[in-house]
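Spelled out, the chains give:
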Amino acid sequence: MRWVWIFIGICLTACVAENETDLNPPEISAFSPDIRLGAPNSPEAELLQNWIETTTSTLTSAPFENNLSRVAERYPQVWVSRTRDAMQTAELRDVLHADDSLFPSLWWPKTSVVLRGDETTDLARTGADTETKGEIEIGRMHYRRYTEGDMVERSCAINTLAHEISHTLSDRADEFWMHFLDTAARDNAPPNMYQASYLVGTVAQCTWLQEQERVAENEFFDCLLTFSDPSSGSRFRSRACNDFPNDKPVTPEGRLDP
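Residues numbered from 1 in each chain as written. Predicted model: local features only at pLDDT ≥ 70, side-chain atom pairs only at ≥ 80, totals over all residues. Heavy atoms only, no water.

Student: Describe the pairing of strand β4 (residues 77–81), naming the residues involved and giving the relevant values.
Tutor: Summarising burial for β4: 4 of the 5 residues are buried, a large majority. The sheet contact formed by β4 and strand β5 (residues 85–88) spans 4 bridges and is antiparallel. In the sheet register, S81 faces β5, and the bridge partner there is D85. Across 2 bridges, β4 lies against strand β11 (residues 194–195) in parallel orientation. Residue pairing for β11: W79 is matched across the bridge by Q195. (Buried < 20%, exposed > 50% of the residue type's maximum accessible area, 1.4 Å probe, protein only. Helix = DSSP H or I, 4+ residues; strand = E, 2+ residues; numbered from the N terminus. Pairing = 2+ DSSP bridges.)

Student: Provide a residue-level description of the state of the cysteines, including the pertinent values.
Tutor: Put plainly, two cysteines are in a disulfide when a covalent bond ties their sulfur atoms together. Following the criterion strictly, the structure yields 2 disulfides and no others. One disulfide bridge connects C156 with C241, the sulfur atoms lying 2.1 Å from each other. On the S-S bond that ties C156 to C241, the torsion sits near -105°, and the link is left-handed. You can see C156 sitting in helix α5 (residues 151–166) and its partner C241 sitting in the segment after α7 (220–227), a full 85 residues away along the chain. On the basis of relative accessibility, which here comes to 0%, the residue C156 falls in the buried class. The exposure class assigned to C241 is buried, which follows from its relative accessible area of 0%. Sulfur-sulfur distance for the disulfide between C206 and C223 comes to 2.1 Å. Across the S-S bond of C206 and C223 the torsion is about -90°, and the bridge reads as left-handed. Placement of the pair is C206 in helix α6 (residues 196–211) and C223 in helix α7, with a sequence separation of 17 residues. Of the two residues, C206 and C223, neither departs from the other in class, the shared state being buried. Here the protein chain pairs its bonded cysteines, counted in sequence order, in the arrangement 1-4, 2-3. (Disulfide = S-S within 2.5 Å.)

Here it is as structure tokens:
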């Protein structure tokens, strides 16, 4: 089995080729992410399952799709990878539904979420642990945000997991081959254009905050630009997560650390 790892920052992506002797490639879900507990008997299992379910239900919700449509009106193109280059943001829904005829992508099956490190570890990466199973590896700092943080910190954990889940879209049915890439200079978005995986994560975050009535519908873009702004690089602004305690408005101007 051949492994290829490409990384920048906290996100590590992987493309792993199929074992040549494997004559039974896995079935891949065309409808929704197949995300599972990596350690169902761990002390964190119940809360980790809640985190997974909250994130996946947000990603597959009508409000999430509605917000993607709103983003498409303001930011008509989104960056996918060097292979695909840019695409129309309005078509992103078709990709997430595995319904894009030009660039087929399917949700990789049996992708497990595992926690690594101590509570300060901010690792977040997606890869494959076998020829047939994907893996999302996340540091416990993100888990602590979800389980112990205030509402905005919790939304940041949803952002991180949604971002990593987006990497489980595979271009190929017989090997783990990410559709969305964002981890090397050659895969960086052009100026003023979102990277698809970071956009998915931040739209999920702000959609969830809307559902909790922490962010109003007319505040959605303030929320989006607080945590990911394509004018200065569209990656996740993790340091903003602690800037909005209690009912402090979630706005770029409200950040404590630009």
